[in-house]
Amino acid sequence: MDSIDRIPFVDHDDGSADGARSQRARGRDSLFLTGRLSLPGETVQRNVRVRNLSEGGLMIEIDRKLPLESTLRLVLRGIGEVTGRVAWCAEGRIGIALDQPIDPRLARKPIGGGEHTPHYAKPLLG
């Protein structure tokens, strides 16, 4: 079983953690994309898998644990650079609370469509 370190989350509207959890789950978008992560004290960016993404946070897969509240920078396709802090950490996964809200739909925008894009990667016109 994974050990998980978490920062308590309280829904500021009604003060209940249960309400916060269900509200967060509704706004989370499960996906699979890669990002480039910059860790404090390291000059090289590392590739990470982003497993879910919402307006206020995301979960990544990473091969190490990081201290809670560590500040991170992450570059996401379609969104650009975002900053945040480690909200929770479990074996192989980290939850990041973003400093500024994002539009997660931008990460899902189709790529390609140019003249050098293979036909199988272009959208079908109906």
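Residues numbered from 1 in each chain as written. Predicted model: local features only at pLDDT ≥ 70, side-chain atom pairs only at ≥ 80, totals over all residues. Heavy atoms only, no water.

**Q** What am I meant to see in the overall build of the chain here?
**A** Per the secondary structure count, the chain includes one helix and seven strands. Its helices and strands in sequence order give the chain the pattern β-α-β-β-β-β-β-β, from N to C terminus. When each of the 126 residues of the chain is scored for burial, the buried share is 32%. A fraction of 49% describes how many contacts in the chain between residues 6 or more apart in sequence connect residues 24 or more apart. (Helix = DSSP H or I, 4+ residues; strand = E, 2+ residues; numbered from the N terminus. Buried < 20%, exposed > 50% of the residue type's maximum accessible area, 1.4 Å probe, protein only. Contact = heavy atoms within 4.5 Å.)

**Q** Please clarify how the side chain of Ser70 should be interpreted in this entry.
**A** Along the polypeptide, Ser70 turns up in the loop between strand S4 (57–61) and strand S5 (71–76). With near-sequence residues (within four places) excluded, Ser70 lies in contact with Gly84, Arg85 and Val86.

**Q** Explain the pairing of strand S3 (residues 46–53) to me, please; I cannot follow it from the model alone.
**A** With four bridges connecting them, S3 and S4 associate as antiparallel partners. Paired with Val50 across the bridge in S4 is Ile60. From the end of S3 to the start of S4, which pair antiparallel, there are three residues. (Pairing = 2+ DSSP bridges.)

**Q** Sorry, what's going on with the nonpolar core here?
**A** Inside soluble globular proteins, nonpolar side chains tend to come together where they are buried. Among the nonpolar cores identified, the biggest contains 21 residues, and Leu37, Leu58, Ile60, Leu74, Leu76 and Ile94 are the most heavily contacted of them. For this core, the secondary structure elements donating two or more residues are strand S2 (29–38), S3, S4, S5, strand S6 (80–90) and strand S7 (93–98). Residues contacting Ile60, with those up to four places away along its chain left out, are Leu37, Val48, Arg49, Val50, Leu74, Gly92, Arg93, Ile94 and Ile96. By size, the runner-up hydrophobic cluster in this structure holds five residues, among which are Met59, Ala87, Trp88 and Ala90. (Core = buried A, V, L, I, M, F, W, Y, C linked by side-chain atoms within 4.5 Å.)

**Q** Got a minute to help me understand the environment of Ile60 in this structure?
**A** In this fold, Ile60 is placed in strand S4. As a C-alpha pair, Ile60 and Gly35 span 25 residues in sequence and 8.8 Å in three-dimensional space.

**Q** Please clarify how the pairing of S6 should be interpreted in this entry.
**A** Within a regular beta strand, the side chains point alternately toward one face of the sheet and then the other, so they alternate between its two faces. Here S5 runs beside S6; their pairing, made up of six bridges, is antiparallel. Bridge pairing in S6 places Leu74 opposite Val82. Hairpin connection of S5 to S6: three residues between the antiparallel strands, including Gly78 at a positive phi of 85°. Relative to S7, S6 runs antiparallel, the two sharing six bridges. Paired with Arg85 across the two strands is Ala97, which belongs to S7. Where S6 folds back onto S7 in an antiparallel hairpin, the turn is made up of two residues, including Gly92, whose phi is positive at roughly 80°.

**Q** Please clarify how the pattern of salt bridges should be interpreted in this entry.
**A** Pairing between side chains of opposite charge can happen when the charged atoms of each approach one another. Counted by the stated rule, this structure contains eight salt bridges. For Arg46, the salt bridge identified is with Asp63, shortest N-O distance 3.2 Å. Remark: Asp63 occurs in the loop between S4 and S5 and Arg46 occurs in strand S3; sequence separation between them is 17 residues. A single salt-bridge network, built from bridges that share partners, covers Glu42, Arg46, Asp63 and Arg64. (Salt bridge = Lys/Arg side-chain N within 4 Å of Asp/Glu carboxyl O.)

**Q** How should I be thinking about the environment of Thr83 in this particular structure?
**A** With respect to the secondary-structure elements, Thr83 resides in strand S6. Sequence separation between Thr83 and Arg73 is ten residues; the distance between their C-alpha atoms is 4.5 Å. With residues up to four places along the chain from it excluded, the contact list for Thr83 reads Leu72, Arg73, Leu98 and Asp99. A polar contact is formed between the side chain of Thr83 and the side chain of Asp99, at a distance of 2.7 Å. (Polar contact = N/O pair within 3.5 Å; in protein donor to acceptor, adjacent residues only side chain to side chain.)

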